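# Coordinate inspection notes
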Amino acid sequence: MDNNQQVNFLEDQEQFYENDEYEQTMGRQFESVVVIKDEKGEVQKKYTLTIQIIKANYQKPYLGGLKNKKSGALLHHAFAQTNQYRREHKEKNHRDTQTHFESTKSTIMMKEFGTQMEKEDLFIDLRNDRTFEPKLYFTSEMWEERREEAALFIQRLIRGWFARRRTNALRQKKQQLQNEQLEKEEDFRRQEEVRHKKEIERRTNPRTKEDFQILYEELELWRTTEIARIKSSAMTEEEKRAALKQVLNKETDLLQTIDRLKIIANQKNKDEKINKFLKSISDPKKWLRKSDGRLTEVHTLYTTRARELMDIYNGLKQRKLSLDERLDILVNTKWTVKEWDCNLTREIVDLIDREADMLNRGRPEPSLEGLRQRLQNLFLQFIETPEFNPEAARFQKIPYEILKSTS
């Protein structure tokens, strides 16, 4: 039965089951003629089959097949119970079999070749023949042994490389630790030198209360030690009194020296404080630029005025100037303070005139030191007054308006 016949048979079978005659034929028999044909279409065999239809009173068991999920129908034979469609396939050929080219070639040997052996009536020329001897057969065991030796050789080199690298790392670490230790020792030695120089400087040129406290403590320790040494010695009473007198005189000299150092330190501290104050009021204002984050220095009228007053004050402090240079400084100071009329400015102008008169008379500079120091202090008071120097108001502990109202 070919495909067309099978499709027609299935269509007839489907129509038969859908017809009402299906119910009437249940339990009957009918005959079916089966014809078998060959490839040429000739009838080879023909026979009749008797088919009996039995109506079952029970549900047919499901022994496998196809189930339709949508309708729930069970198809025991998918090929027989579903519609089949004929599929036609185009004839295809293999590319290699269709594109293979065959050729016939022949060759001529340069010399006859065979297995002829030499005998009495046959001479074979063996002068150009070469003898080949088989070499040592390389077995799989030998190959594995060679692989193992090669692997051991590679491992030995790799392990040596790892060991050398680790050794170099340890050597570098050791050298680094030594260098760090040397740097720490050098830093410690440098710090000790700086500390030692600082301690010497604190004792030779004391500046703070702590420095003078150290000097007083060391002086007291020296006095106590000397008195204990003299009292515990084997000297006579007369010698002990003379030694104690020398200790007392030396202690007095040392105390006088400390007092002189204290006066010098107070003067230096005062000068540093004044210089710091003058620099603070004359420094430009610093504004932060938001675009790049840098600071912009801006000079205002008040900072410019403060810088001019600072230059005049530094000029008044200078010594060993010529007569003309000193007179120029005095004239500049006079015209600066004459802008305001008060007791302070009138006193400054009076001192300037007195110094100028003495300079014109040829008085020596040591005789003018007291006058100049008084003029310098009054001008510093002029700078510290916010009425004459508005920038100084930032450094007033009590606002100038309150002081002015209470005076």
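All figures in this text were calculated on a predicted structure; none of them were measured in a lab. (Residues numbered from 1 in each chain as written. Predicted model: local features only at pLDDT ≥ 70, side-chain atom pairs only at ≥ 80, totals over all residues. Heavy atoms only, no water.)

### Observations concerning the overall build of the protein
- Within the protein, the secondary structure is distributed over 12 helices and six strands.
- When burial is assessed residue by residue, the protein has 16% of its 407 residues classed as buried.
- Long-range contacts, defined here as pairs at least 24 residues apart, represent 48% of the contacts in the protein between residues at least 6 apart.
- Roughly 35200 Å² of accessible area belongs to the protein as shown, and the carbon and sulfur atoms make up 53% of that amount. (Helix = DSSP H or I, 4+ residues; strand = E, 2+ residues; numbered from the N terminus. Buried < 20%, exposed > 50% of the residue type's maximum accessible area, 1.4 Å probe, protein only. Contact = heavy atoms within 4.5 Å. Areas by Shrake-Rupley, 256 points an atom, 1.4 Å probe, with all protein chains shown as cover.)

### Some points on helix H9 (residues 323-337)
- Compared with an ideal rise of 1.5 Å per residue, which puts 15 residues at 21 Å, H9 spans 21 Å between its outermost C-alpha atoms and is within 8% of the ideal.
- Inspection of H9 places Arg 326, Ile 329, Leu 330, Thr 333, Thr 336 and Val 337 among the buried residues, and these make up the whole buried set. One side of H9 holds all its buried residues, which, seen down the axis, span an arc of 125 degrees. Turned more than 90 degrees from where H9 packs its buried face, Asp 324, Asp 328 and Trp 335 sit exposed. (Expected span 1.5 Å × (residues − 1). Arc of directions from axis to C-beta.)

### Focus: a negative patch on the surface
- On the surface, Glu 141, Glu 144, Glu 145, Glu 148 and Glu 149 cluster together into a negatively charged patch.
- If you trace the backbone, Glu 149 turns up in helix H5 (residues 140-204). (Patch = residues over 30% accessible without salt bridge, like charges linked within 9 Å, V, L, I, M, F, W, Y side chains within 5 Å. Salt bridge = Lys/Arg side-chain N within 4 Å of Asp/Glu carboxyl O. Lys, Arg positive; Asp, Glu negative; His and termini not counted. Charge placed at Lys NZ, Arg CZ, Asp CG, Glu CD.)

### Things to note about helix H8 (residues 301-317)
- Between its terminal C-alpha atoms H8 stretches 25 Å, which fits the 24 Å expected from 17 residues at 1.5 Å a residue.
- For H8, the full list of buried residues reads Thr 303, Arg 305, Ala 306, Leu 309, Met 310, Ile 312, Tyr 313, Gly 315 and Leu 316.
- Looking at the buried side of H8, the elements it contacts are helix H7 (237-282), strand S5 (285-288), H9 and helix H11 (369-384).

### Overview of the pattern of salt bridges
- Inspection of every chain in the model, using the stated rule, returns 26 salt bridges.
- We note a salt bridge from Glu 391 to Lys 285, for which the minimum N-O separation is 2.8 Å. In this pair, Glu 391 sits in the loop between H11 and helix H12 (400-406) while Lys 285 sits in strand S5, placing the two residues 106 residues apart along the sequence.
- Given a relative accessible area of 4%, Glu 391 falls into the buried group.
- Its relative accessible area of 26% is what places Lys 285 among the partly exposed residues.

### Topic: the pairing of strand S2 (residues 43-52)
- Burial within S2 is sparse, with just zero of its 10 residues counted as buried.
- Looking at chain direction, strand S1 (residues 29-37) and S2 are connected through nine bridges and run antiparallel. Across the sheet, Lys 37 pairs through a bridge with Val 43, a residue of S2. (Pairing = 2+ DSSP bridges.)

### Remarks on unusual backbone geometry
- Positive phi, close to 60 degrees, is recorded for Lys 320, a residue that is not glycine.
- Secondary-structure assignment places Lys 320 in the loop between H8 and H9.
- The class for Lys 320 is exposed, based on a relative accessible area of 79%.

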